[in-house]
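As a plain string of letters, each chain reads:
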Amino acid sequence: MANLILITGCSGGGKSTLLAELARRGHHIVMEPGRRLVQASLKGMPEPTPWDAPAGFARRALELALEDIKAARDLDGPVFFDRGVVDAAIALEHSDGTPAAETLGPARHYENPVFLAPPWRDLFRNDAERRHGFEAASDEYERIQDALPGLGYRVQNLPKSAVADRADLILGMVT
């Protein structure tokens, strides 16, 4: 059975690049539910977006993340998630006040520690899928960092370093 490993943190903090490096090294990865929703919406599919329907977007991201977890449970070795149910629950709390702990219940969906990518202005870029600015991304990071311990997770901060070094750090802790 797989070890489900969450990589979360600041938008534009290098998470997707890190996941690509882990995939290149032969590990299972799961791409960010929110980004997949935005991509689908931009292609004309009827999916909520964070700028048009923040609470609906968070609820739909939560559904996708739960589906991702179910699909990943039968994989061998570690499975690395670019965001997931925790992020969606925290976003839902921010958008409509539903406590993340209530949304998630007693289950801890990922192994400890959770890896947290800090705000990194040099990496942050806007695009059609990321319309918010660096300050909003930093605020989101703070919400995630503050919520994780209360949800039963230990936090391992990722250094601002080369992607290969970040991957080595994670793999050294989980394999």
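The structure we're discussing is the one just above.
As for its position among the elements, Asp87 is in helix α4 (residues 85–96). A distance of 3.2 Å separates polar atoms of two side chains, one belonging to Asp87 and the other to Arg83. At a separation of 3.0 Å, a polar atom in the side chain of Asp87 contacts the main-chain amide nitrogen of Gly84.

The subject of this paragraph is the side chain of Asp82. Note that Asp82 resides in strand β3 (residues 78–82). This buried residue, Asp82, is left without a salt bridge; Lys15 holds the nearest opposite charge, at 4.7 Å. One polar contact links Asp82 to Ser16, side chain to side chain, over a distance of 2.9 Å.

On to the nonpolar core. Ranked by size, the top nonpolar core spans 33 residues in total, and within it Phe81, Val85, Val86 and Tyr110 carry the most contacts. Taken together, the elements giving at least two residues each to this core come down to β1 (3–9), α2 (33–42), α3 (54–72), β3, α4, α5 (100–104), β4 (114–117) and α6 (134–147). With seven residues, α3 is the largest single contributor of residues to this core. Not counting the four nearest positions on each side in its chain, Tyr110 is found in contact with Leu4, Ile5, Leu6, Ile69, Phe81, Arg83, Gly84, Val85, Val86 and Tyr153. One finds Ile5, Leu22, Ala117 and Leu171 within the second-largest nonpolar core, a separate group that totals 13 residues.

On to the pairing of β4, then. Of the two faces of β4, the one carrying Val114 and Leu116 and the one carrying Phe115 and Ala117 are both buried. Pairing analysis gives three bridges linking β1 to β4, with the strands arranged parallel. Residue pairing across strands places Ile7 opposite Phe115, the latter belonging to β4. In terms of strand pairing, β4 meets strand β5 (residues 155–157) through three bridges, oriented parallel. Bridging across to β5, Phe115 finds its partner in Gln156.

Let us now look at the sheet that holds β3. Whether parallel or antiparallel, the strands of a sheet pair through hydrogen bonds between backbone atoms. Spatially, β2-β3-β1-β4-β5 is the arrangement adopted by the five strands of the open sheet, whose pairing is parallel. At either margin of the open sheet sits one strand with a lone partner, and together these are β2 (28–30) and β5. Across the sheet, the mean angle separating the axes of adjacent strands is 25 degrees when strand polarity is ignored. Most of the contacts of helix α7 (residues 163–174) go to β4, to which it runs at about 165 degrees, and overall it touches β1, β3, β4 and β5.

Going from Asn112 to Pro113, the amide bond is cis rather than trans, its omega being 0 degrees. By the secondary structure assignment, Pro113 is in the loop between α5 and β4. For Arg83, which is not a glycine, the phi torsion comes out positive at approximately 65 degrees. Among the secondary structure elements, Arg83 is positioned in the loop between β3 and α4.

Where α2 meets α3, the axes come as close as 9 Å, and the angle between the chain directions of the two elements is 120 degrees. Crossing hand, α2 versus α3: right-handed. For the pair α2 and α3, contact is made by Pro33, Gly34, Arg36, Leu37 and Val38 and by Phe57, Arg60, Ala61, Leu64, Ala65 and Asp68, respectively. Counted by class, the contact of α2 with α3 contains seven nonpolar, one polar and three charged residues.

Calculation notes
- Residues numbered from 1 in each chain as written.
- Predicted model: local features only at pLDDT ≥ 70, side-chain atom pairs only at ≥ 80, totals over all residues.
- Heavy atoms only, no water.
- Helix = DSSP H or I, 4+ residues; strand = E, 2+ residues; numbered from the N terminus.
- Polar contact = N/O pair within 3.5 Å; in protein donor to acceptor, adjacent residues only side chain to side chain.
- Buried < 20%, exposed > 50% of the residue type's maximum accessible area, 1.4 Å probe, protein only.
- Lys, Arg positive; Asp, Glu negative; His and termini not counted.
- Salt bridge = Lys/Arg side-chain N within 4 Å of Asp/Glu carboxyl O.
- Core = buried A, V, L, I, M, F, W, Y, C linked by side-chain atoms within 4.5 Å.
- Contact = heavy atoms within 4.5 Å.
- Pairing = 2+ DSSP bridges.
- Axes fitted to C-alpha atoms, helices over the stretch in contact; angles between N-to-C directions.
- Left-handed = near helix turned anticlockwise from the far one by under 90°.
- Nonpolar A, V, L, I, M, F, W, Y, C, P; charged D, E, K, R; others polar.

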